[in-house]
Every structure is written in structure tokens, then in C-alpha cells.
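Next come the chains, spelled out residue by residue.
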Amino acid sequence: QKEVEQNSGPLSVPEGAIASLNCTYSDRGSQSFFWYRQYSGKSPELIMFIYSNGDKEDGRFTAQLNKASQYVSLLIRDSQPSDSATYLCAGVDQGAQKLVFGQGTRLTINP
Amino acid sequence: DGGITQSPKYLFRKEGQNVTLSCEQNLNHDAMYWYRQDPGQGLRLIYYSQIVNDFQKGDIAEGYSVSREKKESFPLTVTSAQKNPTAFYLCASSFGTQGVQPQHFGDGTRLSIL
């Protein structure tokens, strides 16, 4: 069974600091990863995806992928209270053509 | 506005009853997916479909059924065989059948047992 693992948290970060969310995966064949944000009671929304080793930046968000270590992370700079949510990491199961989701990390930004 | 519409938002099921959750998309996406989310948990894949008239079982298909008669529609039936159906059900869609493209989600349906 291909797995994506996340620390469920909660992760508490002061406002204005950098929040670091991490994800490991078991499938060495996974090439692509997605980060979703889910507010309480709402559906997930896509915030970042990354296909290549290294960093990808989009505004305050940076996704990092290290295929050798099977590790993907999401950094949120200048954290805001509105960033408080659960963040879901998903990797691609290429064989089955589907996403495998982690259990999510609950992030709280403290004013 | 393009998007994914799930209905109803809330649904109650009686013992022994089958219920159907609707999912419609006007994004011209080829692939559609159904997930189940339990409180404090991630998403578990129930069924998915990459083209019309074809679908595959996900990780927790038992007690569920689907159809894909039209590109825009992918309804999910929760049958009486699903003994613990209370959950948040999410439908998603994505472009293409080459590789896995980013998935976009509807607003979800909350199903409870009466």
C-alpha cells in the first residue's frame, strides 16, 4: 500500500513567523505532489503543486521536493491568522493514476 | 461560472435505505473522483472514473456504487451494505488521462444516519 505520511499536529506558529509543514511518502515512483488547504467544515482547495526536485515559490508559499529522501514540504512565510487550517499533502500513484492523501496537518497561527 | 456542484449539502439516511449523492461539473474535465472524509482524517478514495462509461474501485469501494453515463456527471450511491456511512463526501475532477492532474473539489455532502 502506497502511503503519504504527515504529522497530524496541531502545529502552532506565531503570526508573522514561517510555518513549515512536512510530508513523507513511500512510493519512490511518485513524481508529483499537491498541497491542499482545508478550512474547518469546508472542502479542500489546491494551493501548490510540485513536479521537480527543488523549490517552487508562489507568493508566501514555497513547496520543496526531495525525491532522494522521499520528502516534500510546504513553507508559509509571514503567517497570517487566515492561514489557520488543515493542510493535506497528496502524492501521485502513477500505476493506478490516482492521488494518495496524507491525513493532514492542523495549523494554527496565533495573533 | 465553471465549477463542481455537489448536492444535497446535507443528507440523512434511514437504516436499510440507499441514497444517491449528485456530482456535476462544467469544467470539461475528463476524470472524476469520490472521496470520503471522517472527522480529523484525510481523504479516502471510493471510486474514480477517467472516461465516460468506465470507472475503477478506490481503496474503500465496498458498500458504494457509481455510474458515469455523461462526462459531466458522476453520481455516488451509498447502499444499505455500507454499515457506517456517516461522513463528509467529496467529489473532485481533473483534466486529462495522461498522468494525474491537479484535482478540484466540490463543496461536499454531509451524510448522517437517522
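Our subject is the structure listed above.
Residues numbered from 1 in each chain as written. Chains lettered and ligands numbered in written order. Predicted model: local features only at pLDDT ≥ 70, side-chain atom pairs only at ≥ 80, totals over all residues. Heavy atoms only, no water.

Things to note about the pattern of salt bridges
Any two side chains of opposite charge can pair, given that their charged atoms come close.
Residue and element names in this part refer to chain B.
Thought 1: Per the stated rule, a full pass over the model turns up seven salt bridges over all chains.
Thought 2: One salt bridge in this structure joins Asp38 and Arg44, with 2.8 Å as the shortest N-O distance.
Thought 3: A residue is classified by how much of its surface remains accessible, and Asp38, at 16% relative accessible area, is buried.
Thought 4: Several salt bridges share partner residues, and in doing so they unite Arg36, Asp38 and Arg44 into one network. (Salt bridge = Lys/Arg side-chain N within 4 Å of Asp/Glu carboxyl O. Buried < 20%, exposed > 50% of the residue type's maximum accessible area, 1.4 Å probe, protein only.)

Notes on the interface of chain B and chain A
Thought 1: Facing 25 residues of chain B, the contacting portion of chain A comprises 20 residues.
Thought 2: Contact between chain B and chain A buries roughly 1,700 Å² in total, counting both sides, with carbon and sulfur atoms accounting for 54%.
Thought 3: Across the chain B-chain A interface, the total number found is one salt bridge.
Thought 4: With a shortest N-O distance of 3.0 Å, Lys98 of chain A and Asp59 of chain B are connected by a salt bridge.
Thought 5: Across the contact surface, chain B and chain A share five residue pairs in polar contact (both at pLDDT 80 or more).
Thought 6: Broken down by element, the residue count for the side of chain B that touches chain A peaks at four residues, all from strand 5 (residues 43-51) of chain B.
Thought 7: Partitioning the side of chain B that touches chain A into residue classes produces ten nonpolar, twelve polar and three charged. (Contact = heavy atoms within 4.5 Å. Buried area = accessible area lost by both parts, 1.4 Å probe. Polar contact = N/O pair within 3.5 Å; in protein donor to acceptor, adjacent residues only side chain to side chain. Helix = DSSP H or I, 4+ residues; strand = E, 2+ residues; numbered from the N terminus. Nonpolar A, V, L, I, M, F, W, Y, C, P; charged D, E, K, R; others polar.)

A short note on the nonpolar core
Thought 1: With 23 residues, the main nonpolar core has Trp35, Val72, Leu74, Ile76, Tyr87 and Leu107 of chain A as its most contacted residues.
Thought 2: Going through the elements one at a time, strand 3 (19-25), strand 4 (33-38), strand 5 (45-50), strand 7 (61-66), strand 8 (71-76), strand 9 (85-93) and strand 11 (105-110) of chain A are the ones with two or more residues in this core.
Thought 3: When residues in this core are grouped by element, the largest group, four residues, is from strand 3 of chain A.
Thought 4: Every residue in contact with Leu107 of chain A, bar those within four places of it in the chain, is listed here: Leu11, Val13, Ala19, Ile76, Asp83, Ser84, Ala85 and Tyr87 of chain A.
Thought 5: Core analysis: the next-biggest nonpolar cluster, separate from the first, contains 20 residues, Leu21, Ile60, Tyr89 and Leu111 of chain B among them. (Core = buried A, V, L, I, M, F, W, Y, C linked by side-chain atoms within 4.5 Å.)

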